[in-house]
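Chain by chain, the residues run as shown.
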Amino acid sequence: MAAISATVELVADTSARILRLLSLLEARVEWPGAELAERLDVSARTLRRDVDTLRELGYPVDAAKGPGGGYRLGRGGKLPPLVLDDDQAIAIALALQTAPATVTGIDDAVTRALTTLRQVMPTRLRAASEAFEVTSLRNYWEFSAPPIDIATLQTVGAAIRTSRVLRFDYRDPTGAIPAPGQPGFRPPREVEPHHLVVWAGRWYLIAREHRHRTWHTYRVDRIHHRSPAGVAFTPHPLTDDDLTRLVVQNPDRGDTPGPWQCVGSATLELPAGVVARWAPGGSVVQPLDPHHSRLTLCGWSWTGVAGLFITFDTGLSDVEPPELVAALGRIGQRLRATASQPTNLSG
């Protein structure tokens, strides 16, 4: 056991020394070998072994010519070692390239971060990450909200991380903040922020009202922060089922009906889990029983809303409002007329 303990300590000391070596190489353009060995309190032979270890990890350390020799960190050595496999390198590259799709104000930072990360990766991992060049285009089918301002996201995230009460004004569906005396005015919210959720291209804050302890869901793009973080609170654990209930199945999450001029609902002969998986952004899914769920959809026209319901290819009941019932009837008539036409089977 003593031998094993000694071996573990030796490995730990060596790893710490190698990290220290890399840190020193980063701090100065070039180090004389003797001075570098003295700073690390090792022999010249041990220093050479440590330099070889860094090179084996894929981080270039160049030997400097001159009296006594020396070392300098070559291209691709501006950060401490990044031990990434191919999958991790690809995951980071993809995450950085797709981040601007839902967050605004970070495009330049994302580009610089991706460039920096690739510079410090060993050649093999850099090639793996560069194999994926992604351009994000907005998918209007998702009815996604405008990208989130990075300052708002940082404020909300910091309040969640530090468990501090968040105070903010909440914009109405048009983006306005009603002033005192105007219709729809409400004093600033004071909430205990717990979780950020991204669903169908939109960011949501899950929070508990500070005074009444009731749970609410807020659209982050409608939050206007008012003051520094408030008093501390004790977070309440939330499960994945809790988050689904508070976002996907919540009719009061702030984006329905929103600005849409047509809002319809119907009961589907499908479980809520299946419907939620394929429902477009801005919809609301409510479980009724293991085999039925209630779906609310929004659109610019009743025919468009009816078409969305038809994509689920299942029975519909309790359809509301009458305008949606009429739109489904018109679509049914058109489909029956199409189906009754003679089929041309000639080649």
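Overview of the structure. All values reported here derive from a predicted model rather than from experimental measurement.

A look at helix α7 (residues 150-162)
Argument step 1. End to end, α7 covers 18 Å across 13 residues, agreeing with the expected 18 Å (1.5 Å per residue, within 8%).
Argument step 2. Taken together, the buried positions of α7 are occupied by Thr 152, Leu 153, Val 156, Ala 159 and Ile 160. Down the axis, α7 shows its buried residues gathered within 130° of arc, on one side only. Residues Gln 154 and Arg 161 are exposed on α7 and point more than 90 degrees away from its buried face.

Observations concerning the pattern of salt bridges
Argument step 1. If you walk through the whole model with that rule in mind, you get 10 salt bridges.
Argument step 2. In this structure, Arg 55 and Asp 52 form a salt bridge, with 3.5 Å as the shortest nitrogen-oxygen distance. Placement of the pair is Arg 55 and Asp 52 together in helix α3 (residues 44-56), with a separation of 3 residues, close to one helical turn.
Argument step 3. Exposure remark for Arg 55: the relative accessible area of 36% places this residue in the partly exposed category.
Argument step 4. Relative accessible area serves as the criterion here: at 38%, Asp 52 is assigned to the partly exposed category.
Argument step 5. As a salt-bridge pair, Asp 242 and Arg 245 come within 3.5 Å of each other at their nearest N and O atoms. Pair noted here: Asp 242 and Arg 245 are both in helix α8 (residues 240-246), with a separation of 3 residues, about one helical turn.
Argument step 6. Several salt bridges converge on common partners, so that one network encompasses Arg 167, Glu 190 and Arg 211.

Overview of the sheet that holds strand β1 (residues 31-32)
Argument step 1. Spatial ordering of the open sheet is given by β1-β3-β2, a layout of 3 strands whose pairing is antiparallel. Where the open sheet ends on each side, the last strands, each with one partner, are β1 and β2 (61-64).
Argument step 2. Pairing of β2 with strand β3 (residues 70-73) involves 4 bridges; the strand directions are antiparallel. Paired with Asp 62 across the bridge in β3 is Arg 72.
Argument step 3. Against the sheet, α3 contacts β2 and β3, and its axis sits at roughly 140° relative to β2.

Some points on helix α10 (residues 302-310)
Argument step 1. Among the residues of α10, Trp 302, Val 305, Ala 306, Leu 308 and Phe 309 are the ones counted as buried. The arc that holds the buried residues of α10, viewed along the axis, is 155°, so those residues lie on one side.
Argument step 2. Its buried side turned inward, α10 meets β11 (262-268), β13 (292-299), β14 (316-320) and α11 (322-340).

A look at the pairing of strand β8 (residues 202-209)
Argument step 1. Of all the 8 residues making up β8, 8 are buried; the element is thus mostly covered by neighbouring parts of the structure.
Argument step 2. Going residue by residue along β8, you find Arg 202, Tyr 204, Ile 206 and Arg 208 tucked away on one face and Trp 203, Leu 205, Ala 207 and Glu 209 tucked away on the opposite face as well.
Argument step 3. Of the strand pairs in this sheet, strand β7 (residues 189-199) and β8 are connected by 8 bridges, and their pairing is antiparallel. By the bridge assignment, Val 197 is partnered in β8 with Tyr 204.
Argument step 4. Linking β7 to β8, which pair antiparallel, is a turn of 2 residues; within it Ala 200 sits at a positive phi near 55°.
Argument step 5. The turn linking β8 back onto strand β9 (residues 215-219) is made up of 5 residues, and Arg 213 within it adopts a positive phi angle of 60°.

So, how was this worked out
- Residues numbered from 1 in each chain as written.
- Predicted model: local features only at pLDDT ≥ 70, side-chain atom pairs only at ≥ 80, totals over all residues.
- Heavy atoms only, no water.
- Helix = DSSP H or I, 4+ residues; strand = E, 2+ residues; numbered from the N terminus.
- Expected span 1.5 Å × (residues − 1).
- Buried < 20%, exposed > 50% of the residue type's maximum accessible area, 1.4 Å probe, protein only.
- Arc of directions from axis to C-beta.
- Salt bridge = Lys/Arg side-chain N within 4 Å of Asp/Glu carboxyl O.
- Pairing = 2+ DSSP bridges.
- Contact = heavy atoms within 4.5 Å.
- Axes fitted to C-alpha atoms, helices over the stretch in contact; angles between N-to-C directions.

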